[in-house]
Amino acid sequence: MSGIPAAEAGGGRPPRDPGLQPERTRLAWRRTALAATVVTVLAVRLAVTGGPFGVLVAGLAVLAWGAVLAICWRRGTGSGPAPTGGRALPLAALGGASLALLGVLLVLRGLW
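An account of the accompanying structure is given in this report. These numbers were taken from a predicted model, which means no experiment stands behind them. In every chain, residue numbers begin from 1 and rise along the written sequence. The predicted origin of the model limits local features to residues at a pLDDT of at least 70 and limits the giving and counting of side-chain atom pairs to 80 or more, whereas totals for whole chains, interfaces and linings rest on all residues. Side-chain measures were taken over the full set of non-hydrogen atoms in the model, leaving aside hydrogen atoms and water.

**What to know about the overall build of the chain**
The way it works is that DSSP assigns letters per residue, a run of H or I at least four long becomes a helix, a run of E at least two long becomes a strand, and they are numbered from the N terminus. For the chain, the count of helices and strands is four helices and zero strands. In the chain, the order of α-helices and β-strands from amino to carboxyl end is α-α-α-α. For every residue, the accessible area obtained with a 1.4 Å probe (protein chains only) is divided by the maximum for its type, and the residue is called buried under 20%, exposed over 50%, and partly exposed between those limits. Per-residue burial for the chain yields a buried fraction of 22% across its 112 residues. Across the chain, the fraction of contacts at a sequence separation of at least 24, relative to all contacts at a separation of at least 6, is 65%. Working rule for contacts: check all heavy atoms of both residues, and any pair within 4.5 Å makes them a contact.

**Things to note about the environment of G66**
Residue placement: G66 occurs in helix α3 (residues 51-77). For the pair formed by G66 and A36, sequence separation is 30 residues and the distance between their alpha carbons is 9.3 Å.

**What to know about a nonpolar patch on the surface**
On the surface, F53, L56, L60 and L63 cluster together into a nonpolar patch covering about 470 Å² of accessible area. In this structure, L63 sits in helix α3. Exposure remark for L63: the relative accessible area of 62% places this residue in the exposed category. Note on patches: the residues involved have over 30% relative accessible area and no salt bridge, like charges join within 9 Å, and the nonpolar side chains Val, Leu, Ile, Met, Phe, Trp and Tyr join within 5 Å. Using a 1.4 Å probe, accessible areas were evaluated by the Shrake-Rupley method; residue-level cover was limited to the displayed protein chains. Counted as salt bridges are all cases of a side-chain nitrogen of Lys or Arg within 4 Å of a carboxyl oxygen of Asp or Glu.

**What to know about the side chain of T40**
With respect to the helices, strands and loops of the structure, T40 is situated in helix α2 (residues 21-49). A polar contact is formed between the side chain of T40 and the backbone oxygen of A36, at a distance of 2.8 Å. Setting aside residues up to four positions removed in sequence, T40 forms contacts with A61, V62, W65 and L99. By the criterion applied in these results, polar contacts are pairs of N or O atoms within 3.5 Å in which, for protein atoms, one can donate a hydrogen and the other can accept it, and in which residues neighboring in sequence qualify only through two side-chain atoms.

Below, the structure is given as structure tokens:
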């Protein structure tokens, strides 16, 4: 017991207290998965009424939704470490961005 406070003994930083940050992160990933699901459902609705172009758009939306969901599920449930190396995270980001663009286009077209 040297009488030095713990913050000073540890290099000037107090121990990390994450607080509610992990819960907020999980909720954000769940919202991302929900938004991707809604856009995919709208794209599938386009496939029913849009002919071959609608089927192509819906197929691409389902593939992007799968990539986004693969990342969001593991991060949103906290069930284990999500794959962050290699191609998984960039593909999920690309899928999320493409679904966001598709969602804007579907809303502008009036399909909701």
